[in-house]
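Letter by letter, the chains look like this.
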Number of protein chains: 2
Amino acid sequence: MRPKIYLFGDSITEESFSPGGWGSSLSHHFARTADVMLRGYSGYNTRWALKVKERVFPAAESGDAPVAVTVFFGANDAAVPDRCSGFQHVPLDEYKQNLHDIVAFLKRTGNLRSDGSSQPYSKDPYINNLSGLPERTNESAGRYAKQCLAAAAECGVPVIDLWTKMQQSPGWQKAYLRDGLHLTGDGNKVVFEEVIGQLQEGGISLETLPADLPLWAEIDPNDPLKCFEK
Amino acid sequence: MRPKIYLFGDSITEESFSPGGWGSSLSHHFARTADVMLRGYSGYNTRWALKVKERVFPAAESGDAPVAVTVFFGANDAAVPDRCSGFQHVPLDEYKQNLHDIVAFLKRTGNLRSDGSSQPYSKDPYINNLSGLPERTNESAGRYAKQCLAAAAECGVPVIDLWTKMQQSPGWQKAYLRDGLHLTGDGNKVVFEEVIGQLQEGGISLETLPADLPLWAEIDPNDPLKCFEK
């Protein structure tokens, strides 16, 4: 059947099939070539992701390993420890190690090829609580993003530095983030374009993936059934 | 793993993951409970669908049968025979028989439970060609819709009469159809709501499907890891 692309992450992944979301855009883009599997878990951090990974991905022996996986955690890990969201916080060193462990798991179970497309990243999350103090800060997110880049380099997997990428655009805070954490329509476009580009660099694109059945343009009006006899 | 819902149809299905599309809305709705598998093939009619069905659905022995399938053909079958799109035309009797055969195939291969949710339907398609004569007419679509309803009743599977449903709303032509054939944002909402309702009647809803991992609200801030020890 069709190759699968798994999207593994937190709420930014779970809500990626909302209107204009980067997940649904990926599904639309690969409508005839690949299945995009939504595996987003709101509120999860890398520590919890490690606890559930065997229940998220196909078993090694299933032969159903995806051709690419996006690993998209960090916004919850980077929550400020002594605020309301502190129970989501994961210390920086552990965060990096957890990303290593997730990638190692994916490689071990055949869910990630050595040239796979794992895209961990983190970015600006600064939702306020009632105290008026932020649960997340851009500075904290930046520290996590840096460790994410380091972990990806050490694991030899592709990574997208959305934290830096987004801040290159004036007014990025409101343009790309709805509430300081979750993506706007334009933010979704940035993520979609970056993921598509990264997949393409990894050899996964409309040019390389076969369409699963004859395309409209390949059907001969004078003998339409011919192309279905493979 | 998660239950799967297959969307099998023509371009109205293939483009259902475009922004605000009914397919992506289904994925978003079932984000933590079911995988929505996109199997839309632009330009296809029921005759061609029959030719490819074994390559679209999991084999009977795979144990990977979907919990529900939408079968959404008719717009191409209903093309006017002696116009440019005539090679897509399928005579009315054959159309009805083809729907029977598709449902029989799905039942035989375990891809459709007897209480499954197959939603064949057709609706108004009247794109013009250069001759100025329509390739599709609402009257023709209506005849196909009627046979679709009859076939579903004979097969004992649920059906949505979108042809009738849409025309109950004043200004439906422009409100629900972009080009006389494909759905607008509001048209997508109608399809989404109808499909969700039909799935619910068949026992497939957020109330009945388990979430695949602990939900955010189930995680105890004082002992977050507890809920991951299943």
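Heads up: the structure comes first, above all this text.
The following refers to the structure shown. (Residues numbered from 1 in each chain as written. Chains lettered and ligands numbered in written order. Predicted model: local features only at pLDDT ≥ 70, side-chain atom pairs only at ≥ 80, totals over all residues. Heavy atoms only, no water.)

Observations concerning the overall build of chain A
Along chain A, the regular secondary structure elements total 8 helices and 3 strands. The buried share among the 230 residues of chain A stands at 57%. Taking all contacts inside chain A whose residues are at least 6 apart in sequence as the whole, residues at least 24 apart take part in 76%. Of the roughly 9300 Å² of accessible surface on chain A, 52% is carried by carbon and sulfur atoms. Averaging the positions of the 23 positive and the 29 negative side-chain charges in chain A gives two centres separated by 3 Å. (Helix = DSSP H or I, 4+ residues; strand = E, 2+ residues; numbered from the N terminus. Buried < 20%, exposed > 50% of the residue type's maximum accessible area, 1.4 Å probe, protein only. Contact = heavy atoms within 4.5 Å. Areas by Shrake-Rupley, 256 points an atom, 1.4 Å probe, with all protein chains shown as cover. Lys, Arg positive; Asp, Glu negative; His and termini not counted. Charge placed at Lys NZ, Arg CZ, Asp CG, Glu CD.)

Side note on the relation of the copies chain A and chain B
You can overlay chain A on chain B at an RMSD of 0.0 Å; the transform is a turn of 180° with a shift of 0.0 Å along its axis. On this basis, the relationship between the two copies can be described by a two-fold rotation axis. The rotation axis passes nearest to the C-alpha of Pro19(A) in chain A, at a distance of 2.6 Å. (Least-squares fit on C-alpha atoms with pLDDT ≥ 70 in both.)

A short note on the pattern of salt bridges
Within this structure, the stated rule accounts for 26 salt bridges over all chains. Its salt-bridge partner being Asp186(B), residue Lys189(B) comes within 3.8 Å of it at the nearest N-O pair. Linking Lys189(B) with Asp186(B), this pair stays in helix 8 (residues 185–201), spanning 3 residues, or about one helical turn. Judged by its relative accessible area of 41%, Asp186(B) is partly exposed. The network of salt bridges with shared partners includes Arg2(A), Arg32(A), Asp212(A) and Glu14(B). (Salt bridge = Lys/Arg side-chain N within 4 Å of Asp/Glu carboxyl O.)

Brief notes about the nonpolar core
Grouped together as the largest cluster of nonpolar side chains are 62 residues, with contacts concentrated most on Trp22(A), Leu26(A), Trp22(B) and Leu26(B). Ignoring any residue separated from it by four or fewer positions in sequence, one finds Trp22(A) in contact with Leu7(A), Ile12(A), Thr13(A), Ser16(A), Thr70(A), Phe72(A), Leu183(A), Asn188(A), Val191(A), Phe192(A) and Val195(A). (Core = buried A, V, L, I, M, F, W, Y, C linked by side-chain atoms within 4.5 Å.)

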